[in-house]
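Per-entry structural report
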Amino acid sequence: MYALTVDQVDSRNGDDRVEGTMRELLGALDDVVLAPERTAGDEFQLLTSSPETTLDALLRLTRTGGWSIGIGIGDVDEPLPASTRAASGSAFIRARDAVERAKRNPEHLAVEIDPDRRLRGNDVEPILRQTVRLRARRSPEGWQLADLLAQGVSRPDAAEELGITPQAVAKRFAAADLRDEDVLHAALVRLLADADEPA
């Protein structure tokens, strides 16, 4: 299982974004086992059994920025309660440790994994953090193109929709580092899936 503990960065000096972000995630994510729920102050948690959903949540949160994200991979006590706040188990303990560590690194991301799993946090975390760094360099124009391509729009059709030439689309595509986007996403999902497999 994958528990995420998410803490708003510098919330004392900004608006509370927790409620709006939880609603957005709940509307966008598939396979959420326990819905996002505020746990304390400017922090919320959610639980999923899906590596795809875990990655999707991570990429959505890091794209908007302003969050420290701890991913805990491990066991969850059963039967599951109706409320995320009432849930317990090692995945939640790992997520708590991870979010505290995430507050101290530039990407605001950390991963902790139960020792009886196939992979360690150091097998997963550096690759996720590198992905976050690469995406953080993407311009608004690059994101505009990325979003169209993610919807299945072809590059020629994207050029027409954006009102730019195919050559300009090619430049944006290269600058946004989109060539391996789908392959990278699939590889990260496999990595997270392996991280939850027993040793």
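You'll find the structure just up there.
In short, a report on the structure. (Residues numbered from 1 in each chain as written. Predicted model: local features only at pLDDT ≥ 70, side-chain atom pairs only at ≥ 80, totals over all residues. Heavy atoms only, no water.)

On the basis of which strands lie adjacent, the open sheet formed by five strands has the order β2-β3-β1-β4-β5 and mixed pairing. Both edges of this open sheet fall to β2 (32-40) and β5 (109-113), since each of them pairs with a single strand only. In this sheet, adjacent strand axes meet at a mean angle of 15° when their direction is disregarded. One ladder, built from seven bridges, connects strand β1 (residues 2-8) with strand β4 (residues 67-73); its direction is antiparallel. Paired with Asp7 across the two strands is Ser68, which belongs to β4. On the sheet, helix α1 (residues 18-28) packs against β1, β2, β3 (43-48) and β4 and is oriented at approximately 180° with respect to β2. (Pairing = 2+ DSSP bridges. Helix = DSSP H or I, 4+ residues; strand = E, 2+ residues; numbered from the N terminus. Axes fitted to C-alpha atoms, helices over the stretch in contact; angles between N-to-C directions. Contact = heavy atoms within 4.5 Å.)

Moving on, we come to the packing of helix α6 (residues 155-162) against helix α7 (residues 166-175). Describing two packed helices takes the angle between their axes plus the distance from one axis to the other. Two elements in contact, α6 and α7, have axes whose closest approach is 9 Å; the angle formed by their N-to-C orientations is 105°. The angle between α6 and α7 places the two elements in the roughly perpendicular class. Seen from α6, the contacting residues are Arg155, Ala158, Ala159 and Leu162; seen from α7, they are Pro166, Val169, Ala170, Arg172 and Phe173. Taken together, the residues that form the contact of α6 with α7 break down as seven nonpolar, no polar and two charged. (Parallel < 35°, antiparallel > 145°, perpendicular 65-115°, else oblique. Nonpolar A, V, L, I, M, F, W, Y, C, P; charged D, E, K, R; others polar.)

For the pair helix α4 (residues 121-136) and helix α8 (residues 181-195), interaxial distance at closest approach is 10 Å and the crossing angle is 155°. One way to sum up the angle between α4 and α8 is to call them roughly antiparallel. Crossing hand, α4 versus α8: left-handed. Mapping the contact onto sequence places Asp123, Val124, Ile127, Leu128, Thr131 and Arg135 in α4 and Glu181, Leu184, Leu188, Leu191, Leu192 and Ala195 in α8. Split by residue class, the contact of α4 with α8 holds eight nonpolar, one polar and three charged. (Left-handed = near helix turned anticlockwise from the far one by under 90°.)

With that settled, the discussion passes to the nonpolar core. If you look at the biggest cluster of nonpolar residues, it comprises 30 residues, and the most contacted ones within it are Phe44, Leu55, Ile69, Ile71, Ile73, Val124 and Leu128. For this core, the secondary-structure elements that each account for two or more residues are β1, α1, β3, α2 (51-64), β4, β5, α4 and α8. If we ignore the near neighbours within four places in the chain, the residues touching Val124 are Val111, Ile113, Leu119, Leu191, Leu192 and Ala195. Core analysis: the next-biggest nonpolar cluster, separate from the first, contains eleven residues, Trp143, Ala146, Leu148 and Ala158 among them. (Core = buried A, V, L, I, M, F, W, Y, C linked by side-chain atoms within 4.5 Å. Buried < 20%, exposed > 50% of the residue type's maximum accessible area, 1.4 Å probe, protein only.)

Looking now at unusual backbone geometry. The omega torsion across Glu78 and Pro79 is 5°, close enough to zero to call that bond cis. Turning to its location among the elements, Pro79 is positioned in the loop between β4 and α3 (90-102).

Within the secondary structure layout, Leu184 lies in helix α8. For Leu184, a relative accessible area of 33% translates into the label partly exposed.

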